[in-house]
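What the coordinates show
Below, each chain spelled out in residue letters.
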Amino acid sequence: MFTGSLPPASIHGTWSENLELRDIEDGTLLDLTSVTEITLKLRDPRTKLDEFTLTMSDGDIVIPVLTEGVIQWRVEADQMGTLDSKLYEAILIIEDEDDALPLVLGTISVVE
């Protein structure tokens, strides 16, 4: 699990990220072959409501190479424009057939 922050994103631009997922014990990139779903939620820290959700099943999040531990997402400016400018909790959940594991818990500043 990682606690920190993602780089800021703007409500006026495209938000594109490549995120490396590494084993916390040895630092190697995770093998994502068994992943069945990835969900990224932006949650309002005050209300605790999820204001924005991206999923692999909807095509919002992709795994370019299953064995290389990298996920990618891209959110176009028109979708980003639906968000308020503020600090959100970013919650990334990786699921396989057996478990749902929160791998990244942190914050992202969405700015004007």
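Refer to the structure printed above.
A short tour of the structure in this document, coming up. Quantities reported herein were computed from a predicted structural model and do not represent experimental measurements.

Under the counting rule described, the total for this entry stands at seven salt bridges. For K86, the salt bridge is made with E51, and the minimal N-O distance between the two is 3.1 Å. Taken together, the residues span a long stretch of sequence, with K86 in strand β8 (residues 86-95) and E51 in strand β5 (residues 50-55) at a distance of 35 residues. Given the relative accessible area of 33%, E51 is considered partly exposed.

With that out of the way, let us pick up the environment of L21. Here L21 lies in the loop between β3 (15-20) and β4 (37-43). Taking C-alpha positions, L21 is 7.7 Å from I71, a pair spaced 50 residues apart along the chain. Other than its neighbours up to four places away in sequence, L21 contacts T28, L29, L30, L32, G69, I71, L92, I94 and L103.

A negative phi angle is the norm for most residues apart from glycine, just as the trans form is the norm for most peptide bonds. Here the phi dihedral of K48 falls at roughly 65°; this positive angle occurs in a residue that is not glycine. Here K48 is to be found in the loop between β4 and β5. Taking the relative accessible area as the measure of exposure, K48 reaches 48% and is therefore partly exposed.

All right, on to the nonpolar core then. W15, I71, W73 and L92 are the most contacted members of the largest nonpolar core, which has 28 residues in total. Within the residue set of this core, elements represented by two or more residues are β3, β4, β5, β7 (70-75), β8 and β9 (100-111). Setting aside residues no more than four positions away along its own chain, L92 makes contact with L19, L21, I38, T39, L40, I71, L101, P102, L103 and V104.

Quick look at the environment of V111 now. Within the element layout of this structure, V111 appears in strand β9. Given a relative accessible area of 36%, V111 falls into the partly exposed group. For V111, the contacting residues outside a window of four places in its chain are A9, S10, I11 and S85.

To continue, consider the sheet that holds strand β6 (residues 61-62). Each strand in a sheet pairs with its neighbour through backbone hydrogen bonds, running either in the same direction (parallel) or in the opposite one (antiparallel). An order of β3-β7-β6 is seen for the three strands of this open sheet, with the pairing classed as antiparallel. Each having just a single partner strand, β3 and β6 make up the two edges of the open sheet. Inspection of the sheet shows β3 paired to β7 by six bridges, in the antiparallel sense. Each residue of the ladder has a partner; that of E20, found in β7, is V70.

Looking now at the pairing of β4. When you tally the buried positions in β4, you get five out of seven residues, the bulk of the element. Across seven bridges, β4 lies against β8 in antiparallel orientation. By the bridge assignment, L42 is partnered in β8 with A90. Two elements, β4 and β5, share five bridges in a ladder whose sense is antiparallel. Within β5, the position partnered with R43 by the bridge is D50. The antiparallel pairing of β4 with β5 creates a hairpin that spans six residues between the two strands, and K48 there sits at a positive phi of about 65°.

Cut-offs and rules
- Throughout, residues of each chain are indexed from 1 in the direction in which the sequence is written.
- For a predicted model such as this one, the threshold for reporting local features is a pLDDT of at least 70, and the threshold for listing and counting side-chain atom pairs is 80 or more; totals across whole chains, interfaces and linings nevertheless cover every residue.
- Just so you know, side-chain values use all the structure's heavy atoms and leave hydrogens and water out.
- Note on definitions: salt bridges are taken to be side-chain nitrogens of Lys or Arg within 4 Å of carboxyl oxygens of Asp or Glu.
- In DSSP terms, a helix is any run of H or I states spanning at least four residues, a strand is any run of E spanning at least two, and both are numbered starting from the N terminus.
- Per-residue accessibility, obtained with a 1.4 Å probe over protein chains only, is compared with the maximum for each type, and a residue is labelled buried under 20%, exposed over 50%, and partly exposed between these values.
- Note on contacts: a residue pair is in contact if any heavy atoms of the two residues lie within 4.5 Å.
- What we call a nonpolar core is a set of buried Ala, Val, Leu, Ile, Met, Phe, Trp, Tyr and Cys residues that are connected through their side-chain atoms within 4.5 Å.
- DSSP bridges decide pairing: two strands pair if at least two such bridges lie between them.

Structural measurements only, silent on function.
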